[in-house]
Amino acid sequence: MAASASASAKCINVFWHDGMMSHDTGKGVFDTGMDPEYIDELIEADKAGGKMVCSGTFLKPGSWDAALLAAGTTLSAMKHILDRHGKIAYALVRPPGHHAQPTQADGYCFLNNAGLAVQLALDSGCAKVVVIDIDVHYGNGTAEGFYQSNKVLTISLHMNHGSWGPSHPQNGSIDELGEGEGFGYNLNIPLPNGTGDKGYVYAMTKLITPAIQKFEPDMIVLVAGQDSSAFDPNGRQCLTMDGYREIGRIIHNLADRHSSGRLLIVQEGGYQVTYSAYCLHATLEGVLDLPLPLLPDPVACYPEDEAFSLKVIESIKRYQNDVIPYLKGT
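Residues numbered from 1 in each chain as written. Predicted model: local features only at pLDDT ≥ 70, side-chain atom pairs only at ≥ 80, totals over all residues. Heavy atoms only, no water.

(A) Expanded view of the overall build of the chain. Counting secondary structure elements, the chain contains eight helices and ten strands. Scaling as 2.2 N^0.38, a compact globule of 330 residues should have a C-alpha radius of gyration of about 20 Å, and the chain matches this with 18 Å. Projected onto its principal axes, the C-alpha positions of the chain cover 55 × 45 × 45 Å. Per-residue burial for the chain yields a buried fraction of 55% across its 330 residues. For the chain, the accessible surface area stands at approximately 13700 Å², while carbon and sulfur atoms represent 55% of it. Both charge centroids of the chain, one from 23 positive and one from 37 negative side chains, sit 7 Å from each other. (Helix = DSSP H or I, 4+ residues; strand = E, 2+ residues; numbered from the N terminus. Rg over C-alpha atoms; globule rule 2.2 N^0.38 Å. Buried < 20%, exposed > 50% of the residue type's maximum accessible area, 1.4 Å probe, protein only. Areas by Shrake-Rupley, 256 points an atom, 1.4 Å probe, with all protein chains shown as cover. Lys, Arg positive; Asp, Glu negative; His and termini not counted. Charge placed at Lys NZ, Arg CZ, Asp CG, Glu CD.)

Below is the structure:
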């Protein structure tokens, strides 16, 4: 189903299906519990009543149907934009998808919702697509899916957590840049623990905006996780509503400048349920470029010492400028 929320001349078309609530993630976010036949494995697991697909990732009764609905809902949201019914669409989906690799489930993810939407955009005539992932964890699945492509620029802002096992061999480090034609088109921005509003906005301004200006996409996909917030139990970053709002505003300006306003937002993580909702609201306020916040921050300010984060971001910029041809001189 789709619903619209309007603000002035702009609106966000929201895509959701109640069937996605059938997915049971397990007892908690810290539960523990590969080849082309990967999808068959998930189907068989569903028929058998479920299984632990990899550490911490459980496919339970109802999960497979929910995963299919999440993927289909995200594709419908992208098609809505491609068919020119609207310029901004939000896929409010679960289970999430950005850790799911072409042949591997990972990190609560079974199918890569955003990745499928990107491929649909390419198949429908988009020449270049950029993915901006602000979830607290590395969007390794999306990166893996387009690691050898120069048509998709995958950018991930994440805490510096490294690999977490066989299902997640990628480190999310700055030297994972893509391969072959895709070299330079996977930009990882591992931020130190405690990075907050000022650090994230600095990274958006100094690293992401120049890269997108050089890449010149005709579609933008924002992979939006609220687990980078100051109070999330599954992250170590310090974003508040103000930070999410400013990120949304920067994305709005990038979409207006490069993709004729076309923007797909895909939901990912967020484990402090109440504050995640506020941070999502702030992100959408920014995307709509509202002049004033509609909701106050219930927790107000969170102290941030951005000095170390800014130094890290500057070092990442120097590295990218040195090794990525199209970023030299930016």
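(B) Just the packing of aromatic side chains, in detail. Applying the stated criterion to the full structure yields four aromatic pairs. Pairing Y185 with F215 gives two aromatic rings, centres 5.9 Å apart and planes at 55°, and the pair type is tilted. One end of the pair, Y185, is in the loop between strand 7 (152-159) and strand 8 (186-191); the other, F215, is in helix 5 (residues 197-215), and 30 residues separate them in sequence. Taken as a pair, Y185 and F215 share a single burial class, namely buried. (Phe/Tyr/Trp six-rings, centres within 6.5 Å; stacked < 30°, edge-to-face > 60°.)

(C) Spatial organisation of the environment of I208. Following the sequence through the fold, I208 ends up in helix 5. Owing to a relative accessible area of 0%, I208 belongs among the buried residues under this scheme. Setting aside residues no more than four positions away along its own chain, I208 makes contact with I132, I155, L157, I189 and A203. (Contact = heavy atoms within 4.5 Å.)

(D) A look at the pattern of salt bridges. A complete count under the given rule lists eight salt bridges for this structure. Between E41 and K51 there is a salt bridge; the shortest N-O distance is 3.5 Å. With E41 in helix 1 (residues 38-47) and K51 in strand 3 (residues 51-54), this residue pair connects regions lying ten residues apart in the sequence. Judged by relative accessible area, K51 falls into the partly exposed class, the value being 38%. Taking the shortest distance from any N to any O, the salt bridge between R249 and D289 comes out at 3.3 Å. Of this pair, R249 sits in helix 6 (residues 241-258) while D289 sits in the loop between helix 7 (273-287) and helix 8 (307-323), placing them 40 residues apart in sequence. Connected through shared salt-bridge partners, D242, R245 and E285 make up one network. (Salt bridge = Lys/Arg side-chain N within 4 Å of Asp/Glu carboxyl O.)

Coordinates in, geometry out; function isn't part of it.
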